[in-house]
Amino acid sequence: LREMGVDGVFPVGTFTGEMVEFIHSALSSDAEHWDARLETMDPAERDGLILQKLQGQVRYAWERSGFYREFWRDAPVDPAHIQSLEEFARLPILTKEEVRVEQEAYPPYGRFLCVAQNDIHRIHGTSGTTGRPTVFGISKGDWERIGEAHARILWAAGVRPTDTVMVAAVFSLYVGSWGALVGAERLGATCFPFGAGAPGQTERAVEWAQMVRPAALYATPSYALYLAETAREMGVDPRTDFGFRLMFFSGEPGASVPATRQAIEDAFGCYVVDQGSMAEMTPWMTNGGCRRLARGMHLWQDIVYTQLVDPETSEPVVMGGEGVPVYTHLERESQPMIRYWSGDIARWEMADCPCGRTYPTLTQGIYGRADDMLIIRGQNVFPSRVEDVLRGLDEFGGEFRLVVARERGYLDQLTVQTEVSAGLWASAGEGGPEGLEALRDRVRDTLRRALGVGVSVELRPEGEFERTQFKARRVIDLR
Ligand code: 8LE
């Protein structure tokens, strides 16, 4: 293309079939970027590109979606003629609850669909363990664009066509596993859709991983730790007997929690990449780290446009600040989500990453949720901070729980129940936890210093708490 003097940004879909194969085969495997022009663009120039895409996406939804017609009826700006990113930021924020209500009134998709029902290629959704499930209809074109976006981001993570990618997450409505799979397929890697969740499947994963020796694993961070624990119980060394080079994760905090990331890297002798926005926002990898980033996730703004807003006022948060990510699809024809509230908490910065990408970065990943954040006697406590402290301790037994209770009707009390390693528990002898008083006091003091609030600590033997093959649930709120 360069020889032909062709340069520029081409809309997705310009090149098809053999042309795409040709372009990708021309990408040398040590290239840093899948699309260097888009990824290293001057941020101001990128804003122009984003605005163009936004104008198209918003007008498209305005013209085709009965929901957005109604939702934006009294908007302070004209959805058919958005003039600037600032104007765009004045459109109302959409919440999960509003999506649920809409889908209940107009089942199953709500009036979000901008294509004919017949053009839905895949149906995904949330499992709906709490409240009504949410349904996502995805067209064929969208599914292809999702594959393309994920391939591009997995390339940044360091996945190459010569790699085998093991997907160890449940294949169901959950779009995490499928999203990882379609990206790895599109990139040209060998795909190993192993799944998770069935009884005995983790033991089988240990056997299969030794046999197949995949280069990369996709799972949740808690599941990777569980896999390592299971391997060791079976006499398998996760470091030498598997041969993973990298792991990419989504679904929960962990990959950007320093001690957790370190524990995974040490257990498997691999490096870790953090990814993940929300299922509704698929391609969900657009929050996605790269192989050079020590912690956190780049925001691939030209695929999904992300803004951070104040959790209370919803006003924009400047670079360097903390807020709630609000996401907008830029390439979605079937069920576009526009200014979608995540409820998560993160900090964004223009970090200088050696990869050369000019995207903003969530430098500490997503470390909490606005609604899961525990407020203990006025102090904000994120479970991920507790996790960081505990996993940094040699005596830690692998799992923990946070129990919040209200004493005398007003005093919030946080109890951290933490497992201690089997060896230590046994050496404390018949006395059980009483023999470990000094350790308990030390853990309590370390937590108090890290959190800025007093906690009680209870020690439990390793293996007491259930391990998860999906996302861990560690907070028990008794208030
Ligand atoms: C910290 C992104 C996906 C498909 O793996 C997923 O889990 O989507 P889902 O089920 O809609 O859950 C989204 C929520 O999971 C987010 O709002 C956030 O609270 C959490 N989450 C996802 N990825 C991460 C994460 N939290 N770090 C992550 N990397």
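Conventions we followed
Residues numbered from 1 in each chain as written. Predicted model: local features only at pLDDT ≥ 70, side-chain atom pairs only at ≥ 80, totals over all residues. Heavy atoms only, no water. Helix = DSSP H or I, 4+ residues; strand = E, 2+ residues; numbered from the N terminus. Rg over C-alpha atoms; globule rule 2.2 N^0.38 Å. Buried < 20%, exposed > 50% of the residue type's maximum accessible area, 1.4 Å probe, protein only. Contact = heavy atoms within 4.5 Å. Areas by Shrake-Rupley, 256 points an atom, 1.4 Å probe, with all protein chains shown as cover. Lys, Arg positive; Asp, Glu negative; His and termini not counted. Charge placed at Lys NZ, Arg CZ, Asp CG, Glu CD. Salt bridge = Lys/Arg side-chain N within 4 Å of Asp/Glu carboxyl O. Axes fitted to C-alpha atoms, helices over the stretch in contact; angles between N-to-C directions. Parallel < 35°, antiparallel > 145°, perpendicular 65-115°, else oblique. Left-handed = near helix turned anticlockwise from the far one by under 90°. Nonpolar A, V, L, I, M, F, W, Y, C, P; charged D, E, K, R; others polar. Near = heavy atom within 4 Å. Polar contact = N/O pair within 3.5 Å; in protein donor to acceptor, adjacent residues only side chain to side chain. Pairing = 2+ DSSP bridges. Right-handed = clockwise from strand over helix to strand, strands pointing away. Arc of directions from axis to C-beta. Disulfide = S-S within 2.5 Å.

Assigned secondary structure in the chain consists of 14 helices and 20 strands. Since a compact globule built from 479 residues should have a radius of gyration of about 23 Å, the 23 Å found for the chain is in line with a globular shape. When burial is assessed residue by residue, the chain has 54% of its 479 residues classed as buried. Considering only residue pairs separated by 6 or more positions, the chain has 67% of its internal contacts joining residues 24 or more positions apart. Summed over its atoms, the accessible surface of the chain is roughly 20,800 Å², and 49% of this surface lies on carbon and sulfur atoms. On the chain, the mean spot of the 50 positive side-chain charges and the mean spot of the 68 negative ones are 1 Å from each other.

Before going further, it helps to examine the pattern of salt bridges. Under the definition given, this model contains 36 salt bridges. With its nearest N and O atoms 2.7 Å apart, the salt bridge here joins Glu458 to Arg460. Residues participating in the shared-partner salt-bridge network are Glu387, Arg391, Glu399, Arg401 and Arg474.

Further remarks concern the packing of helix α12 (residues 383-391) against helix α14 (residues 437-451). In the contact formed by α12 and α14, the axes pass within 10 Å of each other and the chain directions differ by 140 degrees. Considered as vectors, α12 and α14 are oriented oblique to each other. The two elements α12 and α14 cross, and the hand of that crossing is right-handed. Every residue of α14 that contacts α12 at Arg385, Val386, Val389 and Leu390 is listed here: Val443, Thr446, Leu447, Ala450 and Leu451. Its residues placed into classes, the contact of α12 with α14 shows 7 nonpolar, 1 polar and 1 charged.

Before going further, it helps to examine the site of the ligand. Taken together, 20 residues are adjacent to the ligand, and Tyr174, Ser250, Gln275, Asp344 and Lys471 come closest. One nitrogen or oxygen atom from the main chain of Pro253 is found 3.5 Å from a nitrogen atom belonging to the ligand. Here Arg369 contributes a side-chain N or O atom positioned 3.3 Å from an oxygen atom of the ligand. Compared with its free state, where it exposes 570 Å², the ligand has 91% of that area covered by protein. Broken down by class, the residue content of the shell around the ligand amounts to 8 nonpolar, 6 polar and 6 charged.

Let's shift gears to the sheet that holds strand β17 (residues 396-407). One open sheet holds the 4 strands; their spatial order is β19-β18-β17-β20, and the pairing between them is mixed. Taken across any chain shown, the strands that pair with only one partner, and hence form the sheet edges, are β19 (456-461) and β20 (475-477). Strand-to-strand twist in this sheet, taken as the mean axis angle between neighbours without regard to direction, amounts to 20 degrees. α12 contacts β17, β18 (411-420) and β20 of the sheet and is inclined by roughly 140 degrees relative to β17.

Bridging between strand β6 (residues 246-249) and strand β7 (residues 271-274) involves 4 bridges; their strand directions are parallel. Counterpart to Met247 in the pairing with β7 is Val272. Running through helix α11 (residues 258-268), the crossover from β6 to the neighbouring parallel element β7 is right-handed.

To continue, consider helix α6 (residues 96-105). What α6 keeps buried is the set Val99, Arg100, Glu102 and Gln103. Along the axis of α6, the buried residues cluster in a sector spanning 165 degrees; they form a single face. Of the exposed residues in α6, those oriented more than 90 degrees away from the buried face are Glu104 and Ala105. Buried residues along α6 sit against α4 (66-71), β2 (135-139) and β12 (340-341).

A word on the packing of α11 against α12. When two helices pack together, their arrangement is given by the angle between the helix axes and by the axis-to-axis distance. Here α11 crosses α12 at 50 degrees, and the two axes come no closer than 7 Å. Between α11 and α12, the interaxial angle falls into the category oblique. Residue-level contacts link Pro258, Ala259 and Thr260 of α11 to Glu387, Asp388 and Arg391 of α12. A class-by-class count of the residues in the contact of α11 with α12 yields 2 nonpolar, 1 polar and 3 charged.

On to the pairing of strand β5 (residues 216-219), then. Burial of the side chains of β5 extends over both faces: Ala216 and Tyr218 are buried on one face and Leu217 and Ala219 on the other. Taken together, the 3 bridges between strand β3 (residues 164-167) and β5 define a ladder with parallel strand orientation. Paired with Met166 across the bridge in β5 is Leu217. For the crossover from β5 across helix α10 (residues 221-233) to β6, the handedness is right-handed.

Scanning the model with the defined rule gives 0 disulfides in all. Free cysteine: Cys270, not disulfide-bonded; nearest cysteine sulfur from Cys290 at 16 Å. For Cys270, a relative accessible area of 9% puts it in the buried group. Counting only cysteine sulfurs, Cys353 is the nearest neighbor of Cys290, a cysteine outside any disulfide, at a range of 3.7 Å.

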